[in-house]
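# Residue-level structural notes
Residue-level listing of the chains:
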Amino acid sequence: MRRNDRRDLGLLLLRLGAGGVLVAHGTQKLFGWFGGHGIEGTGQFMESVGYSPGKQSATAAGLAETGGGTLLALGLATPAAGAAAAGAMAGAAAVHAPNGFFNQGGGYEYAATLGLTAAGLAITGPGRLSVDHLLGHAVNRGWMIPAAFAATAAGTAVVVGARARRLRKAKEGEQEALFEEEYME
């Protein structure tokens, strides 16, 4: 097996693996598949962690994961697919960041891994075993990489920034207890 063949096969495996996981996560949000909670349940969760309005946030995250994952797996519009998936994972990482890095403690390790994999595929390209290659890379041009990441970064910054402001504002209204409850008896 030639080096280029190995590279293309490796990219295909990465695309299928990461894309498949992203599709599964997205369809949990959108349709309640694979033990997910669908739009209603995910929307309530999104509201509880500061993404508002919850239903629209759940829909956007579900579409970015399902659409981005599907396109990554196919190797179609790879810059846009990878950037969309990376943006969704940046939003997820923001939720998990207060818990530290490692997933076992509720941290952002998993979201970061999926996001970086998607971003890496967007930059590297899908390889020859892809729909992009079959289409002559019509939707996988070099200029599309910075454009896709710039658009995704701007959108993600707005959404995650709005969430951070909502959380700060909610925390401003809270008052810490002056005494621990056990001493109040």
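What comes next is a walk through the structure. (Residues numbered from 1 in each chain as written. Predicted model: local features only at pLDDT ≥ 70, side-chain atom pairs only at ≥ 80, totals over all residues. Heavy atoms only, no water.)

## Regarding the pattern of salt bridges
Per the counting criterion, the structure on display carries six salt bridges. Note that Arg2 is salt-bridged to Asp5, the shortest N-O span being 3.7 Å. Residue Arg2 is classed as exposed on the basis of its relative accessible area of 53%. Using a relative accessible area of 28% as the deciding quantity, one classes Asp5 as partly exposed. The residue Arg128 makes a salt bridge to Asp8 at a minimum N-O spacing of 2.3 Å. (Salt bridge = Lys/Arg side-chain N within 4 Å of Asp/Glu carboxyl O. Buried < 20%, exposed > 50% of the residue type's maximum accessible area, 1.4 Å probe, protein only.)

## Some details on the packing of helix H2 (residues 38-48) against helix H3 (residues 54-74)
The interhelical angle for the contact between H2 and H3, taken along N-to-C directions, is 110 degrees, at an axis separation of 7 Å. As summarised for this structure, H2 and H3 are arranged roughly perpendicular, according to the angle between their axes. With respect to the hand of their crossing, H2 and H3 are arranged in right-handed fashion. Seen from H2, the contacting residues are Ile39, Glu40, Thr42, Gly43, Met46 and Glu47; seen from H3, they are Gly54, Lys55, Ser57, Ala58, Thr59 and Ala61. Considered class by class, the residues forming the contact of H2 with H3 number four nonpolar, five polar and three charged. (Axes fitted to C-alpha atoms, helices over the stretch in contact; angles between N-to-C directions. Helix = DSSP H or I, 4+ residues; strand = E, 2+ residues; numbered from the N terminus. Parallel < 35°, antiparallel > 145°, perpendicular 65-115°, else oblique. Left-handed = near helix turned anticlockwise from the far one by under 90°. Contact = heavy atoms within 4.5 Å. Nonpolar A, V, L, I, M, F, W, Y, C, P; charged D, E, K, R; others polar.)

## Some points on the environment of Gly20
Residue position: Gly20 is located in helix H1 (residues 3-31). Relative accessible area serves as the criterion here: at 33%, Gly20 is assigned to the partly exposed category. Along the chain, Gly20 and Gly69 lie 49 residues apart, while their C-alpha atoms are 6.2 Å from each other.

## Considerations on the packing of H1 against H2
With their axes 5 Å apart at the nearest point, H1 and H2 run at an angle of 100 degrees to one another. One finds that H1 runs roughly perpendicular with respect to H2. Residues Gln28, Lys29, Leu30 and Phe31 of H1 touch H2, and the partners they reach there are Gly38, Ile39 and Thr42. Residues belonging to the contact of H1 with H2 are distributed by class as follows: three nonpolar, three polar and one charged.

## Focus on the packing of aromatic side chains
Using the criterion set out here, one finds four aromatic pairs in the structure. The interplanar angle of 80 degrees and the centroid separation of 5.0 Å between the aromatic rings of Phe101 and Phe102 together place this pair among those described as edge-to-face. A relative accessible area of 38% means that Phe101 is categorised as partly exposed. Measuring from centroid to centroid gives 5.2 Å for Phe101 and Tyr108, while their planes differ by 80 degrees, and the two rings are edge-to-face. Here Tyr108 falls in the partly exposed class, since its relative accessible area comes to 30%. Cluster of aromatic residues (ring-pair linked, three or more members): Phe31, Trp33 and Phe34. A cation sits over an aromatic face here: Arg163 above Tyr51, 5.3 Å from the ring centre. (Phe/Tyr/Trp six-rings, centres within 6.5 Å; stacked < 30°, edge-to-face > 60°. Lys NZ or Arg CZ within 6 Å of the ring centre and 35° of its normal.)

## Quick look at the nonpolar core
Formed by 13 residues in total, the largest nonpolar core has its most connected members in Leu22, Leu72, Ala85 and Met89. For this core, the secondary structure elements donating two or more residues are H1, H3, helix H4 (78-96) and helix H5 (109-124). Considering each element in turn, this core owes the most residues, five residues, to H4. Every residue in contact with Met89, bar those within four places of it in the chain, is listed here: Leu22, Glu65, Ala111, Leu114 and Gly115. One finds Val49, Tyr51, Ala61 and Val95 within the second-largest nonpolar core, a separate group that totals seven residues. (Core = buried A, V, L, I, M, F, W, Y, C linked by side-chain atoms within 4.5 Å.)

## Comments concerning H1
A rise of 1.5 Å per residue sets the reference length of H1, with its 29 residues, at 42 Å; its end C-alpha atoms lie 41 Å apart and thus fit the reference within 8%. When we look at burial in H1, the residues that qualify are Asp8, Leu11, Leu12, Arg15, Ala18, Gly19, Leu22, Gly26, Thr27, Lys29 and Leu30. Positive backbone phi, at 75 degrees, marks Gly32, one or two positions downstream of H1. (Expected span 1.5 Å × (residues − 1).)

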